[in-house]
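Working through the structure, step by step
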Amino acid sequence: MKKIAIAAIAAFSVAGLAACGESAADKAAEQQADALEAQAAQAPTETQERALNAEADRIEQQAGNADGGMTTANTPNTSPSMTEAEKKAAQ
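Scope of this entry: the structure provided in the associated data block. (Residues numbered from 1 in each chain as written. Predicted model: local features only at pLDDT ≥ 70, side-chain atom pairs only at ≥ 80, totals over all residues. Heavy atoms only, no water.)

This part takes up the overall build of the chain. Looking only at helices and strands, the chain features 4 helices and 0 strands. For the chain, the sequential pattern of α-helices and β-strands runs α-α-α-α. Expressed as a percentage of its 91 residues, the buried residues of the chain come to 27%. For the chain, the computed accessible surface area is about 5,900 Å², with 59% contributed by carbon and sulfur atoms. (Helix = DSSP H or I, 4+ residues; strand = E, 2+ residues; numbered from the N terminus. Buried < 20%, exposed > 50% of the residue type's maximum accessible area, 1.4 Å probe, protein only. Areas by Shrake-Rupley, 256 points an atom, 1.4 Å probe, with all protein chains shown as cover.)

Written out as structure tokens, the structure reads:
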């Protein structure tokens with residue numbers, strides 16, 4: 001599972017570097033994050049799910065930083081298994 005995630009990250013990173021504009025980079029990052037979130041939904045353990053969702057959030061956050069930070073303030077944690085404290089902190 002880890003190798004698949006690393007391969008997906010590498011593939012989307014290359015696609016992001018090849019993109020000409022910010023919107024293309026944002027789109028590639030979103031697709032990469034979506035793929036990781038789909039893998040997280042199928043993860044056999046909570047630890048793996050959280051790790052994959054954290055990586056998806058990091059990718060989305062990094063893409064937000066690439067466009068001047070316009071999207072970083074409202075990037076949600078996508079983990080369906082957030083603790084109540086994490087949910088309150090996110091609001």
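Next, the rest of the story.
Turning next to the pattern of salt bridges. Pairing between side chains of opposite charge can happen when the charged atoms of each approach one another. According to the stated counting rule, one finds 2 salt bridges in the structure shown. Close ionic contact of Glu-46 with Arg-50 constitutes a salt bridge, the shortest N to O distance being 3.3 Å. With Glu-46 and Arg-50 both in helix 3 (residues 46–66), this residue pair falls 4 residues apart, about one helical turn. You can call Glu-46 partly exposed: its relative accessible area is 36%. Here Arg-58 and Glu-55 are joined by a salt bridge, their closest N and O atoms 2.6 Å apart. Linking Arg-58 with Glu-55, this pair stays in helix 3, spanning 3 residues, or about one helical turn. (Salt bridge = Lys/Arg side-chain N within 4 Å of Asp/Glu carboxyl O.)

Another aspect to go through is the environment of Glu-49. For Glu-49, the location among the structural elements is in helix 3. The class for Glu-49 is buried, based on a relative accessible area of 11%. For the pair Glu-49 and Leu-36, spaced 13 residues apart in sequence, the C-alpha separation works out to 9.4 Å.

Glancing now at the nonpolar core. In terms of nonpolar packing, the biggest core is built from 9 residues, these being Ala-29, Ala-33, Leu-36, Ala-40, Ala-43, Leu-52, Ala-56, Ile-59 and Ala-63. Residue assignment for this core shows that the elements contributing at least two residues are helix 2 (22–41) and helix 3. (Core = buried A, V, L, I, M, F, W, Y, C linked by side-chain atoms within 4.5 Å.)

Locating Ala-38 in the fold gives a position in helix 2. Accessibility expressed as a relative area gives 45% for Ala-38, which makes it partly exposed.

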